[in-house]
Amino acid sequence: MYQVLKAEKLAQNIYLMDVKAPRIAKNCQPGQFIIAKMDEIGERIPLTICDYDREQGTITIVFQIVGASTERMAGLKEGDSFRDFTGPLGEASEFVSEDLEVLKKKKMLFVAGGVGTAPVYPQVKWLHEHGIAADVIVGAKNKELLILEEEMKAVAGNLYIATDDGSYGTKGLVTDVIKDLVQSQGKKYDVCVAIGPMIMMKFACLLTKELNIPTIVSLNPIMVDGTGMCGACRVSVGGEVKFACVDGPEFDGHLVNFDEAMKRQQMYKTQEGRAMLKLKEGDTHHGGCGQCGGDE
Ligand code: NAD
Ligand code: FES
């Protein structure tokens with residue numbers, strides 16, 4: 001059992017929890033995810049790690065209520081426990097294994113959209129701890145839905161906030177801020193990391209391609225079971241079949257076929273759609289577990 005040491009509501013439908021999981025906290029790196037399961041019958045929920053404390057042995061997760069399982073999860077209080085809490089899973093962010101001196105010379109831009117701010121945080125924090133100040137753009141629908149502002153301010157080089165309705169920070173989308181920084185202010189970036197809703201990552205990538213800024217995205221939103229068995233997170237990257245939970249979650253955003261991934265995401269929601277995907281994709285429908293039936 002994995003005890004919840006802190007449970008906090010960050011904004012409407014968005015919750016933060018610190019969970020005691022010493023083995024994961026000892027080994028995890030930014031970019032990786034865990035799978036949480038509340039009880040025997042509960043759904044597996046893959047969530048990118050938001051923070052970790054190796055000394056306290058805790059993992060911080062942030063999640064949004066999107067269905068019955070996350071609704072139940074939001075009801076967990078301090079002292080309650082998860083039955084399973086598995087990780088760290090997936091590949092760590094690429095920069096973690098880069099030569100630090102080379103990395104220090106790079107100008108990095110992070111683009112966080114809504115709940116996607118949570119997985120951006122450990123990356124920016126890791127860089128800060130290694131003496132690298134990255135620029136960070138955080139976008140939210142409105143001031144009430146903005147999360148982790150103080151935490152991000154403490155680790156970012158420059159923090160730019162945008163809200164869709166202009167209730168806080170600049171009025172506009174994260175892509176408007178990218179344009180302003182690069183085209184109006186003349187800032188130069190060697191790499192961009194964009195994490196948020198699929199539609200945001202798609203448009204951020206279209207823009208950074210035009211601006212010639214290599215861009216990494218995290219495809220956690222298309223995962224369902226996170227174990228390579230359900231086939232939900234199948235995605236074309238540079239024409240090759242990949243699975244976000246097994247091969248990612250981070251990919252070269254300029255090579256990701258977002259339209260196909262978003263269409264699959266919609267189809268995956270119905271049994272009819274899943275059956276169609278299985279029929280069309282045959283043996284490549286699943287993510288490498290070697291056995292069919294993840295759907296059933
Ligand atoms: P949201 O819809 O409020 O969008 C957040 C910001 O993204 C907006 O404020 C805007 O600046 C930007 N954005 C949205 N649409 C855009 C567009 N068409 N062009 C340019 N920018 C755009 O976000 P939310 O409701 O907090 O998002 C929830 C989504 O985030 C879920 O789909 C969830 O799966 C996803 N998410 C992704 C990750 C990840 O690892 N990629 C992690 C957690 C959550
Ligand atoms: Fe099910 Fe990746 S999330 S195969």
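What counts and what doesn't
Residues numbered from 1 in each chain as written. Chains lettered and ligands numbered in written order. Predicted model: local features only at pLDDT ≥ 70, side-chain atom pairs only at ≥ 80, totals over all residues. Heavy atoms only, no water. Near = heavy atom within 4 Å. Polar contact = N/O pair within 3.5 Å; in protein donor to acceptor, adjacent residues only side chain to side chain. Areas by Shrake-Rupley, 256 points an atom, 1.4 Å probe, with all protein chains shown as cover. Helix = DSSP H or I, 4+ residues; strand = E, 2+ residues; numbered from the N terminus. Nonpolar A, V, L, I, M, F, W, Y, C, P; charged D, E, K, R; others polar. Buried < 20%, exposed > 50% of the residue type's maximum accessible area, 1.4 Å probe, protein only. Arc of directions from axis to C-beta. Contact = heavy atoms within 4.5 Å. Pairing = 2+ DSSP bridges.

Draft legend 1. Representation of the site of ligand 1 within the structure. The immediate surroundings of ligand 1 are formed by 23 residues, with V115, K141, D164, V174 and S218 found nearest. Within the contact set of ligand 1, an oxygen atom lies 3.0 Å away from a side-chain nitrogen or oxygen of K141. G196 is positioned such that a nitrogen or oxygen atom in its backbone is 3.3 Å from a nitrogen atom of ligand 1. Across the complex, the protein chains shield 81% of the 860 Å² of accessible surface that ligand 1 would expose by itself. Put simply, the parts of the chain that give the shell around ligand 1 at least two residues each are β10 (135-140), α6 (174-184) and α7 (198-210). Among the elements that line the shell around ligand 1, the one with the most residues is α7, at 4 residues. Considering only residue class, the shell around ligand 1 consists of 12 nonpolar, 9 polar and 2 charged.

Draft legend 2. Up close: helix α10 (residues 271-281). Those residues of α10 that fall on the buried side of the exposure criterion are G273, L277 and E281. Taken around the axis of α10, the buried residues stretch over an arc of 50 degrees, which confines them to a single face. Facing away from the buried side of α10 by over 90 degrees, the exposed positions are Q271, E272 and L279. Looking at the buried positions of α10, the neighbouring elements they touch are β15 (234-237) and α9 (258-267).

Draft legend 3. Broad picture of the environment of I132. On the secondary structure map, I132 appears in the loop between α4 (117-129) and β10. In sequence terms I132 and V155 are 23 residues apart; their C-alpha atoms lie 9.4 Å from each other.

Draft legend 4. Here's a closer look at the pairing of strand β3 (residues 33-37). Judged by how many residues are buried, β3 sits mostly within the fold: 5 of 5 residues are covered. Of the two faces of β3, both are covered, the one formed by F33, I35 and K37 as well as the one formed by I34 and A36. Where β3 meets strand β4 (residues 45-48), 4 bridges bridge the pair, whose relative direction is antiparallel. The partner of I34 across the bridge, within β4, is L47. Relative to strand β8 (residues 84-89), β3 runs antiparallel, the two sharing 4 bridges. Bridge pairing in β8 links F33 to L89.

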